[in-house]
Each structure stands twice: as structure tokens, then as C-alpha cells.
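What follows is the residue order along each chain.
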Amino acid sequence: MNFSANKSEPHNMAFHGSRGGSRGRGSSSGGPRGRGGARGRGQGRGGFRGGKRPVFDSARLAQQKEAEESSESEPPSEEEEDLDSEEDSSDDDAEAVPAVPSYSALMQSLAADSARQTKRRKLSHPQEPVASKGEEDSDSDQSEDLSDPADEVEEEEEGPETATDGILEENDDDEEDALDPFETHFADPEDNVLSQRLKALQGNQWKTQGILLPKVGRAILSVPAVDGLKTITPPAKVSGPSDLKLKQKLAGAYSKQKPTFNDLEKSIAANMFNYQDILYCERKPSNAAGLRRLACLHAVNHVFKTRDRVIKNNARLAKEENGDLELRDQGFTRPKVLMILPTRESCSRMIDCIASLCEPEQQENRKRFDDSYVEKGDVFSDDKPEDFRELFAGNDDDMFRLGLKFTRKTIKYFSQFYNSDIIFASPLGLRMALEGKDDKKGDYDFLSSIEMVIVDQADALLMQNLEHTEYIFEHLNLQPKEAHGCDFSRVRSWYLDNNAKYFRQVIAFSAFNTPELNVLFYNQSQNWAGKVRISNTHSGTITELGLKVKQTFSRLDSPSIETDPDSRFTYFTSAIIPSLTRRSKDSAGTLIFIPSYFDFTRVRNYLAMSETTSSLTFGNISEHTSVPDASRARSHFITGRHKVLLYTGRAHHFKRFRIKGVRKVIMYELPDNPIFYKEMVAGYLGQSVREGKLASGEGTVRVMFSNWDALKLERIVGSERVTKMLKDKGDTFDFL
């Protein structure tokens, strides 16, 4: 591969949050579970309120009527028939968080309710509607019910210390181990170390150190910066389940499935079971099952140890005669683990993994769960990539919430949240349970004692609506508004002191890292045990294309993250558009990929309204485009009726269209997912070469990037090239 650079002034690189455009909310058109437009269901921004949205299927608005009449009169071409057959095969503002009362105020407000209570509760689930076909959601409140009635729960609420008898086998002889990370992190942390680290956390003072993980990648380990700390000692390595402090029953079940760990599991387990926060950025379909199994083992082990401690202390208190024994072993409410997942299918996989580890004699409401969460359909053809098949196979509904409760011999599905040990939810599903609606108040007390959050396929949540996930984190570990049957004499002191967020562990698995995930992780990761981000070096997607094509990367000047969208648009209209309009015939077959919907609407409107582009015919496909409109746009692009096709990142994520007739690819911004780059360059251009519509070496790729695209750029061009491209004086880089 040849590499050349032209010179200009260098720029410094920094990360300060995320671009607004990259966090456009989910889609709105289509049915409640159809792919593409309806996926994500988050409220759309930047939409046209009220009447019908304008249509931009040609270069000029004045040509609309002519194009539609011409389309109706034309017989379908061979390419159009191919498109039709392919189409058949692939189908508010956040609530302000209340001020946290002091310990004395909390005790006064809840003293009257501190006795054990049982009251009949039903979590209210305010809902959002599915938007009508072709209509974008606004930021206004939604009222139509989207939830599955099967998710509704009504049962008596229990206090956190009740219903615990018999969660473990009667002959379980597990003894408390002072070296167990559960003891040192939650139950009995060393006071001196804890106080120093909490002080450092409150001042946002961290000590960071890079660590090389053989055959895994590189890790950035951070711990609270206490006085005298010079180097960070990583957790002791583990070779298999036998090196972990597991409940006997779980150790036996897991050893049957996985007697030894691979290199990745050895590295992850060391941090995970020592209760450090983890952001793992190299999740793939090939390692997903191992990561899922490890996370489920850790979650269930934590739940069992928590409940076992309560059971044993219940027995000790029952034998105590004078009542002077003080045992602090619990939080305000029972739920201890929250799993945030993208689809019901991903929830089903987690449930199956947990059931295989626990080996319960009974599974209450299992048939109801299978009917609501398990689907055998949606078997995709091999032309769909592996990551797409993993995410969208089975039940891909992204609106759900589920409580799971353990007893001695039984797993109960659809338990009331306050009676649950683990809560599974999609971001949208859980947010709708947290928010109030009309005369119903929001309820988030059941999240007050969450000690572990597991986020799987975090990259998929970026394509839904990351604001929902942020909203959930903002409502974790707040002091409750009601007692909920809590015995405050047994609540751990760090809960009463409002320090629970410093004990909470966050585990996130993602296929890649982004500024948005970085900000979310580091803002919400305040674990006194520390945190680690694990990623790998990249050889670059450009080395995997298997196609001879000229790829030109142009760096644009962008002084700040806030002005980056404006800088990008200015560069596009001044440097890219003239090359398309100068010779009209050379623009035929141009695909313009635009990841952000906000940038897409801006470019679309410019092409439709500007006199500069009056000769440029274009079509567009976004996440809001209906199936017939998308099919028509692709057909007009193939036949040359439209010389340019605008294509958004979410449309490709949810549909993975096979677009024919591509001769040139322009990337308005690099995709977060490097697979997209390969699919468009090697896939679309490669298909044109194979079909004889493009000679080998004739296709071209033009990429716009700025200093704020460092993470995306590294995955595309490789770790060795990215620094030079960001800091070199040259602003144009060619690859062949």
C-alpha cells in the first residue's frame, strides 16, 4: 500500500464529549418492530412538526412531480426487479434529579415507614407511540402505549430482607473469606484505604497507568490518586474458575461448561471479579458468548453472596437475646444488578446463560418468558454480515423490562422490580418505567441499591438513543423517597452516607470505542476500586479491502468540537461539491455516506435548494425512509436517473442495503463501525467491478476527517498511521 501526504499546518488533538450530530435519536417510521425506520423508537430531533415532511427524491423540488409521473409510466428495469426481490427478503428533556437529603433528614422522613411493610404496588409504565409512516418524531412527550402487555407485573412488594429463606442449598457450607473481593469491596472495606480513595474521588483525582495485555491488547488502568501512590498494581492474574471466589454451586456448574479460561477471559476476569469498572472495546460475535458467560457468572455470584449474607444474619439476629447485635448487610431495596441490553433476543441469551449456571429445579413463568422474548424466525442470508445477524436475529424488539428473582430452587421471571435480584431492560423500556406521566409520578427507588451495571453491545445502544442510557445512569443510587419496607438498622453505612455510586461496578462491552461511550463511562465510573479500559491496536480496515481503489483522506480545519459540524459543512460545499458539479457526467454513481441524521438533513436541503447544485440530481435513503421510497431511490440511482445518492449511518446499520451502481464513495464523516467502511468500499465498488460496470482501479473514495475523528480514523487507517495523519503538516493523504 502506497501512502503520500501533502503539507499544511498541524493541529492538536483532544476529546471533550461528543458531537451533537452523532447522537441523533432513534428512528420513527414503520411498524413497532420493523427494521430500519422503526428501530430505536427514540424520539427524533430536527424533524418537521405538523404536516407531511418534504420529499427530496430529486435535485430540485420543482422536478418532483415530473419524476413521480415519469416513474409511474416506466416499466420496471431488471435492476428495479432485483431491488424489489431483495426488499422482500429484509424486511425531553430529562426530569430534574431531586436534591439528596442529608442522613438525618432521610431518617426523619422515613422513620414512620421503617417497619416492615407489604403493600400492593404496580409500577406505572408511561409509554411512547410508534410514529406514523414517514413522520419524524418530535421532542414532545408521547402518549400511545408501546409496551408489551406480557411485561406488566402486579404482585406484593417485599422488603429487601424478606423472602430470602432458602436461596442457597441447605447444605451450602461456604464460609466467609476475608480475602474475598466481595468482603473487601462491599461488606468490610478497610476504613483507612476507603476514606482516602473516597476523598480522591470527590476531588476527581485519578492515577492512570498503561498496561500491555499479551494476546488481548492494551489496558488503561485508573485508580483514585491517594497520597504516596506511585505505581498501580494490577489485580492478580487468574487462570480459570478455580482461582475465583465463587459460590460452590456456581463453581461446579461453570467448570462443567468452561474448565479453563482463554487469554481474554483471564484478563477480563481479574478486573471483573475484583469489582473494578470495565470498558472492553473489542467485543465481537466470536467472543460474545464467553464475555456473556463471564458477566452472568459474576452477577449471579454477587447476588448469591449478598442474599446468603442476609440469610445468615437473619439467623444470628433470631438467636440474639439482648438485641445489641448490629449487622449491616444490605441496601435500601433488593435489586442489586442491572443489565442494559439492546434487544429482547440479547436478554434471552443472558437469561439462558444464567439458567445454565444456576440449574434451578423450577423456572416460574418460563413459558410466558419464551412466548414474549424468544422467536425462531428472522434467519438472515449469508450476505448479511455476522455482526448484523447477531444483533437482529430472533426477537429484535428494543422495548422491554424484566425482573428476575432467585429462591432456593426456583428462578422467577417477571417478578416485581422491588422483589427482584436482577433487572433486565432496554434503555427505552427502563426509562419509560422511570419517568412519570400525567398524574402518575416517576419511580426510580428500585435503582437506589444497584451495585452492578452490565451493558452488553453498547455500540448498538448508540444507534438507538444514548440519551436514554444517560438518563438511567443519572437515576442510579439516589436515596429513596419511600422506605419500601427497609430496616434501616441493617443498611450499610455507605448507603446512608450517599456514597453508593462509589461502590457501584460498571461493566460495558462494545465492538468499538467512541467519544460518547468514553464520556459516559468516565462520567459514571466513580468506583473506588478503580476502572480499566481495554482496547487493541488496529492494522486498519484499508488493508482488508482486497480491491485496488484510490482512497483520498482530506483533513479539514476544525478548531473545536462544538464548531465541527459547521467546519465540515463548509469544507464539503467548498471542496467537494465543485468536483461534482464541474463535470456532470463524472458525478454519476456517487454515493455520499453521512453518519449523522442532522448532517444528512443539512446536506439534503443544500442540494435541493442551492443554485450551485441545480444540475445535480440526487436521491436519499435515511432511517426514516419508507421501504417503497428506499427501493425507488436505489432504482433511480442504478439507472442513472439520480447521479448522487445520500445514505445515512443508521439506514445502513438497520438495513445493510446492497446498493448497486456505485462508482465513487464520498464519506462526509467516517463511520464509528469500521465494518461499514469495508462494506461500502470493497462491497459496493467491488460489486460494480465484478459486474463489469467499473474497471479495476477506476473507483475512488474521498473521506473527510478532522482531529476529532481520531478513534474512527485509527480503526480505518491503522494505529501506526493515525498520529501522522492527525499531526502532520499535510492535509491530504492518498492510499492505493
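Tallied over the entire structure, the rule returns 27 aromatic pairs. Measuring from centroid to centroid gives 4.8 Å for phenylalanine 369 and tyrosine 373, while their planes differ by 15 degrees, and the two rings are stacked. Pair noted here: phenylalanine 369 and tyrosine 373 are both in helix α10 (residues 366–373), with a separation of 4 residues, about one helical turn. For tyrosine 373, a relative accessible area of 0% corresponds to the buried category. Taken together, Phe182, Phe186, Tyr275, Phe332, Phe488, Trp494, Tyr495, Phe503 and Trp528 form an aromatic cluster joined through their ring pairs. The side chain of arginine 344 reaches across the aromatic face of tyrosine 373, ending 4.5 Å from its centre. When the ring centre of tryptophan 206 is taken as origin, the NZ or CZ atom of lysine 531, which lies over that ring, is 3.9 Å away.

Next up on the list: the pairing of strand β13 (residues 505–509). In terms of residue burial, β13 counts as a mostly covered element, since 5 of its 5 residues are buried. What you see with β13 is no split at all: Gln505, Ile507 and Phe509 on one side and Val506 and Ala508 on the other are buried throughout. Here strand β6 (residues 277–280) runs beside β13; their pairing, made up of 3 bridges, is parallel. The residue bridging leucine 279 from the neighbouring strand is alanine 508, located in β13. Direction of pairing for strand β12 (residues 452–455) relative to β13: parallel, over a ladder of 4 bridges. The partner of methionine 452 across the bridge, within β13, is glutamine 505.

Quick look at unusual backbone geometry now. In this structure, asparagine 477 is a non-glycine residue whose phi angle is positive, near 60 degrees. Tracing the backbone through its elements, the reader meets asparagine 477 in the loop between α14 (466–474) and α15 (493–496). Owing to a relative accessible area of 6%, asparagine 477 belongs among the buried residues under this scheme. Of note in this structure, asparagine 498 is not a glycine but carries a positive phi near 65 degrees. Mapped onto the secondary structure, asparagine 498 falls in the loop between α15 and β13.

The full count for this structure, using the stated rule, is 34 salt bridges. The closest approach of N and O atoms between glutamate 265 and lysine 258, which form a salt bridge, is 3.7 Å. Residue classification places lysine 258 among the partly exposed residues on the basis of a relative accessible area of 21%. Among the salt bridges present, the one from arginine 431 reaches glutamate 435, with a minimum N-O distance of 3.0 Å. Its relative accessible area of 3% is what places arginine 431 among the buried residues. Salt bridges linked by common partners bring Lys247, Asp308 and Lys312 together as one network.

Now for the sheet that holds β6. With mixed pairing, the 11 strands of this open sheet are ordered in space as β4-β5-β14-β6-β13-β12-β7-β11-β9-β10-β8. A single partner strand is all that each edge strand has here, and the edge strands are β4 (206–213) and β8 (362–364). With direction set aside, neighbouring strand axes in the sheet form an average angle of 15 degrees. Against the sheet, α10 touches β8, β9 (401–406) and β10 (410–413), its axis set at about 155 degrees to β9.

Before going further, it helps to spend a moment on the packing of α14 against helix α16 (residues 515–524). For any two helices packed against each other, the geometry is given by the interaxial angle and the distance between the axes. Contact geometry for α14 and α16: axes closest at 11 Å, N-to-C directions at 5 degrees. Relative to α16, the element α14 lies roughly parallel. Residues Leu466, Thr469, Glu470 and Phe473 of α14 form the contact with α16, whose participating residues are Glu516, Leu520 and Gln524. Its residues placed into classes, the contact of α14 with α16 shows 3 nonpolar, 2 polar and 2 charged.

Take the side chain of threonine 590 next. Assignment of secondary structure puts threonine 590 in strand β16 (residues 590–594). Residue contacts for threonine 590: discarding those within four places in its chain leaves Leu580, Phe637, Lys643, Val644, Leu645, Lys664 and Ile666.

This part is about the nonpolar core. Ranked by size, the top nonpolar core spans 75 residues in total, and within it Met339, Ile354, Phe406 and Phe424 carry the most contacts. Of the residues forming this core, the biggest block, 9 residues, is contributed by helix α8 (residues 285–319). With sequence-adjacent residues up to four places away left out, isoleucine 354 is seen in contact with Cys296, Val300, Met339, Leu404, Phe406, Ile422 and Phe424. If you look at the next biggest cluster of nonpolar residues, it comprises 47 residues, including Phe392, Ala460, Phe654 and Leu713.

Turn by turn, an α-helix covers 3.6 residues, leaving residues three or four places apart pointing in a common direction. For helix α17 (residues 564–581), spanning 18 residues, the distance from its first C-alpha to its last is 25 Å, which sits close to the expected 26 Å at 1.5 Å a residue. Residues of α17 that are buried: Asp564, Pro565, Ser567, Arg568, Phe569, Phe572, Thr573, Ile576, Ile577 and Leu580. Considering only its buried residues, α17 is in contact with β16, α18 (597–609), β19 (664–667) and β20 (700–705).

For α18, spanning 13 residues, the distance from its first C-alpha to its last is 18 Å, which sits close to the expected 18 Å at 1.5 Å a residue. Residues Tyr597, Asp599, Phe600, Thr601, Val603, Arg604, Tyr606, Leu607 and Ala608 constitute the buried set of α18. Capping the start of α18 is the job of one residue whose side-chain oxygen sits 3.2 Å from the backbone nitrogen of phenylalanine 598: serine 596.

What follows deals with the packing of helix α6 (residues 248–257) against helix α9 (residues 344–358). It is at 8 Å that the axes of α6 and α9 come closest, and there the two elements cross at 115 degrees. Between α6 and α9, the angle falls in the class roughly perpendicular. Contacts from Lys249, Leu250, Ala253, Tyr254 and Gln257 of α6 reach α9 at Ser356, Leu357 and Cys358. Residue composition of the contact of α6 with α9, grouped by class: 5 nonpolar, 2 polar and 1 charged.

With 6 of 8 residues buried, strand β5 (residues 217–224) lies mostly within the body of the structure. Bridge count between β4 and β5: 8 bridges; the pairing is antiparallel. Looking at the pairing, lysine 207 lines up with valine 223 of β5. From the end of β4 to the start of β5, which pair antiparallel, there are 3 residues, and lysine 215 there has a positive phi angle of about 65 degrees.

A separate point is the confidence of the model for the protein chain. The predicted structure's coordinates, where accompanied by low pLDDT, should not be read in detail. Residues of the protein chain with pLDDT of at least 70 account for 76%, and the chain-wide mean is 82. Low confidence marks residues 111–146, where pLDDT is under 50. Its contacts with residues over four positions away, or in another chain, come to 118 contacts.

Structurally, the position occupied by serine 535 is in strand β14 (residues 531–535). Relative accessible area serves as the criterion here: at 14%, serine 535 is assigned to the buried category.

For proline 235, the location among the structural elements is in the loop between β5 and α6. Note: C-alpha distance between proline 235 and glutamine 276 (41 residues apart in sequence) is 9.4 Å.

So, about the environment of alanine 355. Mapping alanine 355 onto the fold places it in helix α9. Among the residues examined, alanine 355 registers a relative accessible area of 12% and is labelled buried. Distance from alanine 355 to cysteine 296, taken between C-alpha atoms, is 9.7 Å for residues 59 residues apart in sequence. Setting aside chain neighbours within four positions, we find alanine 355 in contact with Pro360, Gln363, Ile411 and Tyr413.

What counts and what doesn't
- Residues numbered from 1 in each chain as written.
- Predicted model: local features only at pLDDT ≥ 70, side-chain atom pairs only at ≥ 80, totals over all residues.
- Heavy atoms only, no water.
- Phe/Tyr/Trp six-rings, centres within 6.5 Å; stacked < 30°, edge-to-face > 60°.
- Helix = DSSP H or I, 4+ residues; strand = E, 2+ residues; numbered from the N terminus.
- Buried < 20%, exposed > 50% of the residue type's maximum accessible area, 1.4 Å probe, protein only.
- Lys NZ or Arg CZ within 6 Å of the ring centre and 35° of its normal.
- Pairing = 2+ DSSP bridges.
- Salt bridge = Lys/Arg side-chain N within 4 Å of Asp/Glu carboxyl O.
- Axes fitted to C-alpha atoms, helices over the stretch in contact; angles between N-to-C directions.
- Contact = heavy atoms within 4.5 Å.
- Parallel < 35°, antiparallel > 145°, perpendicular 65-115°, else oblique.
- Nonpolar A, V, L, I, M, F, W, Y, C, P; charged D, E, K, R; others polar.
- Core = buried A, V, L, I, M, F, W, Y, C linked by side-chain atoms within 4.5 Å.
- Expected span 1.5 Å × (residues − 1).
- Polar contact = N/O pair within 3.5 Å; in protein donor to acceptor, adjacent residues only side chain to side chain.
- pLDDT = per-residue confidence, 0-100.

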